[in-house]
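Given next are the chains, with one letter for each unit.
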Amino acid sequence: MKKTVFTIFKVLIAMVLLGKISNWFLKYGNETNQLLNTAMFMLIGIAYLVAGFLFQKKLTKIIFLLCGAYLIVMNFVGYFGLRSIVGIFCILAPMLLIRFFPEKPNEIEEA
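The next subject is the environment of Ala39. Relative to the helices and strands, Ala39 is located in helix 2 (residues 30-52). For the pair Ala39 and Lys61, spaced 22 residues apart in sequence, the C-alpha separation works out to 23 Å.

Now the structure itself:
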């Protein structure tokens with residue numbers, strides 16, 4: 001079951017990536033671009049939510065869960081001034097956290 005869900009997730013990510021790349025050449029309309037952006041942020045948010053349950057440290061888990069939840073919710077609330085800045089922070093913070101403060105000392109070498 002996990003393998004099937006992960007395969008579906010990878011296919012969805014590949015579809016969004018192909019859509020974003022093909023937009024450079026085919027110049028999709030605003031609605032299509034908005035749909036691709038929504039799908040992209042939703043998939044990143046889902047990945048962060050799932051990753052949040054894999055860590056042992058509470059702080060790491062909370063950061064992943066909050067950032068994932070924000071990336072999903074931001075697609076459904078209206079535009080506000082700090083939305084993009086907080087969204088960029090929520091994409092970068094978990095990656096930087098894992099890069100500079102790994103769970104195990106050898107985690108970076110294993111990756």
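Another aspect to go through is the nonpolar core. Counting residues in hydrophobic clusters, the biggest one holds 13 residues, and the most contacted among them are Tyr48, Phe64 and Leu71. At the level of elements, helix 2, helix 3 (58-73) and helix 4 (83-100) are the ones that each hand at least two residues to this core. Apart from residues no more than four positions distant in its own chain, Leu71 is found in contact with Phe41, Ile44, Gly45, Tyr48, Gly87, Cys90 and Ile91.

So, about the packing of helix 1 (residues 2-26) against helix 2. Two elements in contact, helix 1 and helix 2, have axes separated by 10 Å at closest approach and are oriented at 145 degrees. The handedness of the crossing between helix 1 and helix 2 comes out as left-handed. Between helix 1 and helix 2, the residues in contact are Phe9, Leu12, Ile13, Val16, Gly19, Lys20 and Asn23 and Asn33, Leu36, Asn37, Ala39, Met40, Leu43, Ile46 and Ala47, respectively.

Positioned with a positive phi, Lys27 is a non-glycine residue whose angle comes to about 50 degrees. When you line up the elements, Lys27 lands in the loop between helix 1 and helix 2. With relative accessibility at 63%, the residue Lys27 sits in the exposed group.

Further remarks concern the side chain of Asn75. Mapped onto the secondary structure, Asn75 falls in the loop between helix 3 and helix 4. In terms of polar contacts, Asn75 uses its side chain to reach the backbone carbonyl oxygen of Leu71, at 2.9 Å. Setting aside residues up to four positions removed in sequence, Asn75 forms contacts with Asn37, Thr38, Phe41, Met42 and Arg83.

Right, let's get into the packing of aromatic side chains. Counted according to the given criterion, the structure contains two aromatic pairs. On the numbers, 5.5 Å between centres and 80 degrees between planes, the contact of Tyr48 with Phe64 is edge-to-face. With Tyr48 in helix 2 and Phe64 in helix 3, this residue pair connects regions lying 16 residues apart in the sequence. The burial state of Tyr48 is the same as that of Phe64; both residues are buried. Where Phe55 meets Phe64, the ring centres are 4.9 Å apart and the plane angle is 35 degrees; that geometry is what we call tilted. According to the relative accessible area criterion, Phe55 is buried, its value standing at 14%. A residue is classified by how much of its surface remains accessible, and Phe64, at 5% relative accessible area, is buried. Site record: aromatic cluster; members linked through ring pairs are Tyr48, Phe55 and Phe64.

Rules behind the numbers
- Residues numbered from 1 in each chain as written.
- Predicted model: local features only at pLDDT ≥ 70, side-chain atom pairs only at ≥ 80, totals over all residues.
- Heavy atoms only, no water.
- Helix = DSSP H or I, 4+ residues; strand = E, 2+ residues; numbered from the N terminus.
- Core = buried A, V, L, I, M, F, W, Y, C linked by side-chain atoms within 4.5 Å.
- Buried < 20%, exposed > 50% of the residue type's maximum accessible area, 1.4 Å probe, protein only.
- Contact = heavy atoms within 4.5 Å.
- Axes fitted to C-alpha atoms, helices over the stretch in contact; angles between N-to-C directions.
- Left-handed = near helix turned anticlockwise from the far one by under 90°.
- Polar contact = N/O pair within 3.5 Å; in protein donor to acceptor, adjacent residues only side chain to side chain.
- Phe/Tyr/Trp six-rings, centres within 6.5 Å; stacked < 30°, edge-to-face > 60°.

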